[in-house]
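Structural features, examined
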Amino acid sequence: MRLYLLAVGTKMPQWVSKGYEEYAHRMPAKCKLVLKEIPAEKRNKNSNIEAIQNKEASKLLRAIPKNARIVALDGQGTIWSTDKLAIRMEDWMMSGQDIVLLIGGPDGLTPDILSKANEHWSLSNLTFPHPLVRIIVAEQLYRAWTITENHPYHRAG
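Residues numbered from 1 in each chain as written. Predicted model: local features only at pLDDT ≥ 70, side-chain atom pairs only at ≥ 80, totals over all residues. Heavy atoms only, no water.

1. Focus: the packing of aromatic side chains
We count it as follows: Stacked, edge-to-face and tilted are the three classes for Phe, Tyr and Trp ring pairs, Trp counted by its six-membered ring, which pair at centre distances within 6.5 Å; planes under 30 degrees apart are stacked, over 60 edge-to-face, the rest tilted. Here a helix means four or more residues in a row that DSSP labels H or I, a strand means two or more in a row labelled E, and each is numbered from the N terminus.
Counted under the stated rule, the structure contains five aromatic pairs. Judged by centre distance (5.1 Å) and plane angle (15 degrees), the ring pair of Trp80 and Trp121 falls under stacked. With Trp80 in the loop between strand 3 (69-79) and helix 3 (82-95) and Trp121 in strand 5 (residues 119-122), the pair connects residues that are 41 residues apart, well separated along the chain. Taken together, the ring pairs in this structure connect Tyr23, Tyr142, Trp145 and Tyr153 into an aromatic cluster.

Structure follows, in structure tokens:
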């Protein structure tokens, strides 16, 4: 199984790349984490946001591998504890399907993409900057994997 993180936005600050890579490289080969950056459309104060979102949605949809399970990172999604994410990860590994986690651009994911998702995951009731979401997702996936393997990285209270 591969975990694909499809994220709108390129040219991230170095701290984002380093933070993401810190956890992505720790993932084992059996559930490798692969980042695919999708170029964001240019925005200005007069931009047609719906048109921009639709262009970004088209790029995201083209980047999804065939037969992959789609998980949309969505503020309206279900908030999972780390233990729940570990259970989801075990289910994903057992399915044999690749998993695609979608992070939209500054204006989020379109209703069309959200309707195609098999699952909707919200990281928090808080709003995070999109670059930081990459790091949080990578760390939480690694932490969830360590739980499935009884690795000492995760020490629940």
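2. Overview of the nonpolar core
Our working rule: In this description, a nonpolar core means a group of buried Ala, Val, Leu, Ile, Met, Phe, Trp, Tyr and Cys residues linked to one another through side-chain atoms lying within 4.5 Å. Only protein chains enter the area calculation, which uses a 1.4 Å probe; residues under 20% of their type maximum are buried, those over 50% are exposed, and those in between are partly exposed. Contacts are residue-level and defined by heavy atoms, with any inter-residue pair within 4.5 Å sufficient.
Judged by nonpolar contacts, the single largest core of 28 residues is most densely connected at Leu3, Met27, Leu33, Trp92, Leu101 and Leu141. Ranked by residues supplied to this core, first place goes to helix 5 (residues 130-148) with seven residues. Sequence-distant contacts of Leu101, defined by excluding residues within four places in its chain, comprise Leu3, Tyr4, Leu5, Leu6, Val71, Leu73, Trp121 and Leu141. By size, the runner-up hydrophobic cluster in this structure holds 17 residues, among which are Leu6, Val8, Leu60 and Leu109.

3. A look at empty space enclosed by the protein
Basically, it comes down to this: Points on a 1 Å grid, built from protein atoms alone, make a cavity when a 1.4 Å probe fits but cannot get out and make a pocket when they are open with protein on both sides within 12 Å along at least 5 of 7 lines; residues with an atom within 4 Å of a point are the lining residues. Grid points are joined across faces, edges and corners, and a volume is the space filled by probe spheres set on the points. Under this grouping Gly is polar, as are all residues other than the nonpolar Ala, Val, Leu, Ile, Met, Phe, Trp, Tyr, Cys and Pro and the charged Asp, Glu, Lys and Arg.
Using the criterion set out here, one finds one cavity of 30 Å³ or more in the structure. Volume-wise, the largest cavity comes out at about 40 Å³. As for the largest cavity, its lining consists of Val8, Gln53, Glu56, Ala57, Leu60, Gly104, Gly105, Gly108, Leu109, Thr110 and Ile113. Sorting elements by how many residues they give to the lining of the largest cavity places helix 2 (residues 49-63) first, with four residues. The residue makeup of the lining of the largest cavity, split by class, is five nonpolar, five polar and one charged.

4. Some words on the sheet that holds strand 5
How we decide: A pair of strands counts as paired when DSSP detects no fewer than two bridges linking them. Only the stretch in contact is used when fitting a helix axis, every axis being a line fitted to C-alpha atoms; angles between N-to-C directions are given from 0 to 180 degrees.
Overall, parallel pairing links the five strands, which are arranged 2-1-4-3-5 in an open sheet. On the outer flanks of this sheet lie strand 2 (32-38) and strand 5, each paired with one strand and no other. Across the sheet, the mean angle from the axis of one strand to that of its neighbour is 30 degrees, orientation sign disregarded. Where strand 3 meets strand 4 (residues 99-103), four bridges bridge the pair, whose relative direction is parallel. Residue pairing across strands places Ala72 opposite Leu102, the latter belonging to strand 4.

5. Overview of the packing of helix 1 (residues 14-24) against helix 5
Which entries qualify depends on this criterion: In this scheme, roughly parallel covers angles under 35 degrees and roughly antiparallel covers those over 145, while 65 to 115 is roughly perpendicular and the rest are oblique. When the near helix sits turned anticlockwise from the far one by under a right angle, the crossing is termed left-handed; a clockwise turn instead gives a right-handed crossing.
Where helix 1 meets helix 5, the closest approach of the two axes is 8 Å, and the angle between their N-to-C directions is 10 degrees. For the element pair helix 1 / helix 5, the angle class is roughly parallel. Crossing hand, helix 1 versus helix 5: left-handed. Counting all contacts with helix 1, which are made through Trp15, Val16, Gly19, Tyr20 and Tyr23, the residues of helix 5 involved are Pro131, Leu132, Arg134, Ile135, Ala138, Glu139 and Tyr142. Across the contact of helix 1 with helix 5, the residue classes break down as nine nonpolar, one polar and two charged.

6. A word on the environment of Asn118
Quick note on the threshold: Identification of polar contacts relies on pairs of N or O atoms within 3.5 Å, with a donor-acceptor requirement for protein atoms, meaning one able to donate a hydrogen and the other able to accept it, and with residues adjacent in sequence counted only if both atoms are side-chain atoms.
Examined against the element boundaries, Asn118 turns out to sit in the loop between helix 4 (111-116) and strand 5. Separated by 70 residues in sequence, Asn118 and Asn48 place their C-alpha atoms 28 Å apart. Discounting residues that sit within four places of it in the chain, Asn118 has contacts with Ala68, Arg69 and Ile70. Among the polar contacts made by the side chain of Asn118, one reaches the main-chain amide nitrogen of Ile70 at a distance of 2.7 Å.

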